[in-house]
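As a plain string of letters, each chain reads:
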Amino acid sequence: MVYYYRRSSHEYTLITTNWCSFVSISRSERMRTVRLGVNIDHVATLRQARRAQDPDPVAAAALATLAGADGITVHLRSDRRHIQDRDLELLRQTVRTHLNLEMAATEEMLDLALRVRPDAVCLVPERPDEVTTQGGLDLMRVGNRVAPVARKLASAGIQVTFFIEAEPSQIRQAKKLGGQAVEINTDGYSKSKGRRQKSELEAVVRAARLAHSLGLEVHAGHGLDYHNVGKIAAVPEIVELNIGHAIVARAVLVGLDRAVRDMKKLIN
Ligand code: PXP
């Protein structure tokens, strides 16, 4: 949780719940809102566990939107383990806020994205044996393969985001390759505690500042939950968070409406 102490008409002090961070911020930053992209992959995971029709991620997207989600995010994986092509097509017809497609930079996914036309594509690394996305794209290594995909998406009017680690070299490379936004991987921050977490947070803060100074829109995500999201949401340059597992896990117990509303309260 984040509190604001009003110091003057232009300046606020931001205090995080554990009372260990005091940061002076301007009125415009105080008024900034962070967009919440709700990742509904795991609604589809539950459906695919029985190869059944329910629960339907398309219905989940509508409920999340009614509860205040600013966008819907899905990862269409090459192995189709959760989200299916049919989901993406129906989501494109029904999501009126912002549809963000996470995908690997392959020919198959590029063709699909150009046909379905989500509002944004977040390019991610993908390994068949991983449980979830492991680490950001290494743009120095895969830049040549990813750049033409990014160019074709951008020419079709789709916002291109690179999912990367909080490293200056990756941020600079994202800019060189024509990315419009970066999504900073918060997995290291989310998994760590104490001093390690503090240094992971500092790396995210530095990366966000650098990306913003280069004109890139700054997003963040992976591993964020109701306990650790506050400090990431408070980073002034971050304008969008993509959160999945924690929201769907809470929704199983308290319902999706409340799970989305609880998260919205925490990030703004
Ligand atoms: N951002 C990216 C690029 C991801 O691959 C994922 C997982 O699909 C998320 C955000 C959401 O992560 P989580 O489910 O841990 O909230």
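Up top you'll find the structure we're talking about.
Residues numbered from 1 in each chain as written. Predicted model: local features only at pLDDT ≥ 70, side-chain atom pairs only at ≥ 80, totals over all residues. Heavy atoms only, no water.

Colleague: Tell me about the sheet that holds strand 10 (residues 217-221), and name the residues and values.
Modeller: Whenever strands of a sheet pair, they do so through backbone hydrogen bonds, lying parallel or antiparallel. Spatial ordering of the closed barrel is given by 4-5-6-7-8-9-10-11, a layout of 8 strands whose pairing is parallel. Taken over all neighbouring pairs, the strand axes of this sheet differ in orientation by 25 degrees on average, direction set aside. For strand 5 (residues 71-75) and strand 6 (residues 99-103), the ladder comprises 4 bridges, and the chain directions are parallel. The partner of isoleucine 72 across the bridge, within strand 6, is leucine 99. (Pairing = 2+ DSSP bridges. Helix = DSSP H or I, 4+ residues; strand = E, 2+ residues; numbered from the N terminus. Axes fitted to C-alpha atoms, helices over the stretch in contact; angles between N-to-C directions.)

Colleague: Which residues make up helix 3 (residues 57-66), and what values go with them?
Modeller: Since the α-helix advances by 3.6 residues per turn, residues separated by three or four positions end up pointing in the same direction. Inspection of helix 3 places Pro57, Val58, Ala60, Ala61 and Ala64 among the buried residues, and these make up the whole buried set. The buried residues of helix 3 occupy an angular sector of 155 degrees when the element is viewed end-on, so they sit on one face. Buried residues along helix 3 sit against strand 4 (35-39), helix 2 (41-49), strand 5, helix 4 (85-94) and helix 12 (256-267). Of the residues flanking the start of helix 3, the one acting as N-cap is aspartate 56, its side-chain oxygen 2.8 Å from the backbone nitrogen of valine 58. Trailing helix 3 by a residue or two, glycine 68 shows a phi angle of about 115 degrees, which is positive. (Buried < 20%, exposed > 50% of the residue type's maximum accessible area, 1.4 Å probe, protein only. Arc of directions from axis to C-beta. Contact = heavy atoms within 4.5 Å. Polar contact = N/O pair within 3.5 Å; in protein donor to acceptor, adjacent residues only side chain to side chain.)

Colleague: A description of the nonpolar core should follow, citing residues and the corresponding values.
Modeller: Leu123, Leu153, Phe162, Leu241 and Ile247 are the most contacted members of the largest nonpolar core, which has 78 residues in total. Beyond its immediate chain neighbours, meaning those up to four positions away, leucine 241 contacts Val34, Arg35, Leu36, Gly37, Ala220, Leu224, Val229, Ile232, Ala233 and Ile267. (Core = buried A, V, L, I, M, F, W, Y, C linked by side-chain atoms within 4.5 Å.)

Colleague: Go over the environment of histidine 245 with me, naming the residues and quoting the values.
Modeller: The residue histidine 245 is located in helix 11 (residues 245-254) in this model. A sequence separation of 206 residues divides histidine 245 from asparagine 39, and the C-alpha atoms of the two residues are 7.6 Å apart.

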